[in-house]
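Single-letter residue listing:
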Amino acid sequence: MKRLRFALPSRCPRRLRDPRSGAASGEGRHWPSDPDSPFGPRPNYATLFQPCRSVAGGFGALFAGLLLAVSGAVQAAKINARSPSFFDVSEAITSAAKGDTVIVPAGTASWTQTLVINKPISLVGQTTVNYTNETANDQTIIFDDVSRSSTPSAPIIHVIVTAGDMNVEPTVPLLVIKGFTFRGSPNTPTGAANGAIMLAGTCPAVRLSNCHFDSLYQSSIYTFGWIYGVMDNCLHTITRFLLTGTMGMATYNGQKYGDGSWTEDAHWGSYKFFFTENNVVHAKSPAQYGMDAKRGARYVVRYSKIYDLSFVQTHGTEEGRDRGCRAIEFYNNICNRSSTTAPGSPGGLRSGNLLFHDNKYTGMALGTPWVSLSAFRTFVNFQPWKLASGDNAWDRNDAHGLYASGTALTASVVGETKSSTSFYVAGNLSAYNTGGYSIQNTGTGLGGIIRSAVYNSTANRTLMTCDYSIAWAASKVTFNIGDPFQICRVLRVLDQTGLGKGTVCSTPKSLNGAVNEASYAWNNTQANGTKVIIHSGAPANPTFVEGRDYFNSPPPFAYQPYTYPHPLLNAIAPPSDLQVAP
């Protein structure tokens, strides 16, 4: 019987391919394998290890694991790009096969077009980030000179990869981008919508690591397809744009618009999120938001240091067909507010649910120490969902139906703060002064929650005041003399916080069949000892109910945060020096 031992063989060297020749040298050439499996074994391995079948079962399992490790090591190549120029890096990627590593040297380059990665490889530069010191050594620097007229709009790197099984917890990264400084350029001072790194496709094991996103005119990352994985040990220096990233899972479970994500449970504490951990985020000039999310996004922010940002943010199921954010975990972060000009809130939710715990807020006290909840469709007539006015089939409405109707006596006048609009109606409608009623111009479809209804008995008329926001033209509630109105009441809004798993959106039905699923906040503190909580903003947001939609206490179900550090950070490279010895 032959014995296995570790040695330093010349028979199984790692391949080192020169992208200029496009070929591997010596025994390091590609071995025949399944083209859809970059980690398949060499065909003759089964013969090599045939004599070992009589070894005890426990050792047999060990040998089987080593076989898989060896096969991956033999196939994977290291390819050196000649320089960090776009041409040289693109050429090296073209010559790479699935599972290969493209190494980019130190240096500085300007990229004027988007680099596309369409296979599972590792792209590794020389920049490293020191989380403790909050610095980066900026060795491989890429200036963002990508044209803002490109399609999609201006990502520096666009990843379009389908690899791996989304139902199997990943242990080894399939796609890696590591060791780059992405720096804003004065030649392209216009913001771009899709992030410096745009992740599309379907992959459960993406890792972005040791990158410095330095003063970009766009966000750091944008996840668009159905991507799980982690962004770790990155430094984000935000001076011009407002976002660290925009999260989305548009094609979750093969659906569109994030619908698939909304047909499943939140999967709290699982790998089924995109994680950002051990990151440092500095807002060097006044900024508002750190992270945004929509299209069924599921993201986790943990063990990070965040400066002068209102970080937890989402879009809801609002403008356009896209669904809102689905689920967020935000925990064990240190968030510092250095001055009164910095945002005074931890953030807000416009849809989806949040587990928010064990965060420390340092520096100046927050002005509003809570994650606020809102449902923008209660005051914006977004298409195609339309206004949540109390008679919209997508929402849960008061069974009473129509409370009042009539016509406007006067034209509406926008309030001084441009947050409300007022007009007179005939008769006494003061009964709708509180209670979360909605008024709608049935001619235009515009309307909002009634904030006050003040009756003038002398003139026998009521001054109605309802929502208005300067942020959207579609929310500008206007009434002309004689315009028709109706008053109804919406109780809950499609995809608002407090709602979870439902069905794929097709025919409008109440809340799309969603079940109750609350948000929870616990152990979040400020330096002065006060708590940071979740708050509905009531009476401003009357569709949210504490004790149903959100709790400021730990969840009643078993919850354990996902493995930390993320397993993709701890992946051990398979041994490359294993051989059969007599």
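Structure: above.
Residues numbered from 1 in each chain as written. Predicted model: local features only at pLDDT ≥ 70, side-chain atom pairs only at ≥ 80, totals over all residues. Heavy atoms only, no water.

A. Quick peek at the overall build of the chain. Helix and strand counts for the chain stand at 3 helices and 45 strands. Looking at the chain as a whole, 55% of its 582 residues are labelled buried. Excluding contacts between residues fewer than 6 apart, the proportion of contacts in the chain whose partners are at least 24 apart in sequence is 75%. Looking at the chain as shown, the accessible area adds up to about 23,400 Å², and 55% of this sits on carbon and sulfur atoms. (Helix = DSSP H or I, 4+ residues; strand = E, 2+ residues; numbered from the N terminus. Buried < 20%, exposed > 50% of the residue type's maximum accessible area, 1.4 Å probe, protein only. Contact = heavy atoms within 4.5 Å. Areas by Shrake-Rupley, 256 points an atom, 1.4 Å probe, with all protein chains shown as cover.)

B. Representation of the nonpolar core. In this structure, Leu 123, Ile 157, Phe 182, Phe 213 and Phe 330 are the most contacted members of the largest nonpolar core, which totals 96 residues. When residues of this core are assigned to their parent elements, the largest contribution, 6 residues, is made by strand S14 (residues 197-209). For Phe 330, the residues in contact, after removing those within four places along its chain, are Val 301, Ile 306, Phe 311, Val 312, Cys 335, Leu 354, Leu 355, Phe 356, His 357, Asn 359 and Tyr 361. Core analysis: the next-biggest nonpolar cluster, separate from the first, contains 16 residues, Ile 439, Ala 453, Cys 466 and Phe 485 among them. (Core = buried A, V, L, I, M, F, W, Y, C linked by side-chain atoms within 4.5 Å.)

C. The arrangement of the sheet that holds strand S27 (residues 347-349) in detail. The strand order across the open sheet formed by 3 strands is S27-S30-S43, and the pairing between neighbours is parallel. The strands lining the two open edges of the sheet, one partner per strand, are S27 and strand S43 (533-535). Put simply, the sheet's adjacent strands are angled 30 degrees from each other on average, direction ignored. Note: S27 against strand S30 (residues 370-373), 3 bridges, orientation parallel. When the bridges of S30 are listed, Gly 347 appears paired with Val 371. (Pairing = 2+ DSSP bridges. Axes fitted to C-alpha atoms, helices over the stretch in contact; angles between N-to-C directions.)

D. Representation of the side chain of Arg 337 in the model. On the secondary structure map, Arg 337 appears in strand S26 (residues 334-337). Of the side chains with opposite charge, Asp 308 lies nearest to the buried Arg 337, which makes no salt bridge, at 6.3 Å. Within the structure, Arg 337 has its side chain in polar contact with the backbone oxygen of Pro 343 (distance 3.2 Å). If we skip the residues at most four places from it in the chain, Arg 337 touches Asp 308, Ala 342, Pro 343, Gly 344, Thr 362, Gly 363, Met 364, Ala 365, Leu 366 and Gly 367. (Lys, Arg positive; Asp, Glu negative; His and termini not counted. Salt bridge = Lys/Arg side-chain N within 4 Å of Asp/Glu carboxyl O. Polar contact = N/O pair within 3.5 Å; in protein donor to acceptor, adjacent residues only side chain to side chain.)

E. Quick look at the environment of Val 129. Position of Val 129 relative to the elements: it lies in strand S8 (residues 129-130). Residues Val 129 and Gly 179 lie 50 residues apart in sequence; the distance between their C-alpha atoms is 8.2 Å.

F. Just the sheet that holds strand S24 (residues 305-307), in detail. Within the open sheet, the 10 strands sit side by side as S5-S10-S13-S15-S18-S21-S24-S26-S29-S42. Their pairing is parallel. At either margin of the open sheet sits one strand with a lone partner, and together these are strand S5 (107-111) and strand S42 (525-526). Inspection of the sheet shows strand S15 (residues 212-214) paired to strand S18 (residues 235-238) by 3 bridges, in the parallel sense. Directly across from Asp 214, in S18, lies its bridge partner Thr 237.

G. Expanded view of the packing of aromatic side chains. For the structure on display, the rule yields 24 aromatic pairs. Where Trp 226 meets Tyr 252, the ring centres are 4.8 Å apart and the plane angle is 35 degrees; that geometry is what we call tilted. Remark: Tyr 252 occurs in the loop between strand S19 (245-247) and strand S20 (274-277) and Trp 226 occurs in strand S17 (residues 226-232); sequence separation between them is 26 residues. You can call Trp 226 buried: its relative accessible area is 10%. Tyr 252 sits in the buried class, given a relative accessible area of 0%. Aromatic side chains Tyr 228 and Tyr 271 sit 5.6 Å apart centroid to centroid with 90 degrees between the ring planes, which places their arrangement in the edge-to-face category. Separated by 43 residues along the polypeptide, Tyr 228 in strand S17 and Tyr 271 in the loop between S19 and S20 bring together distant segments of the chain. According to the relative accessible area criterion, Tyr 228 is buried, its value standing at 1%. The exposure class of Tyr 271 is buried, given its relative accessible area of 8%. Through a chain of ring-to-ring contacts, the aromatic side chains of Trp 226, Tyr 228, Tyr 252 and Tyr 271 assemble into a single cluster. (Phe/Tyr/Trp six-rings, centres within 6.5 Å; stacked < 30°, edge-to-face > 60°.)

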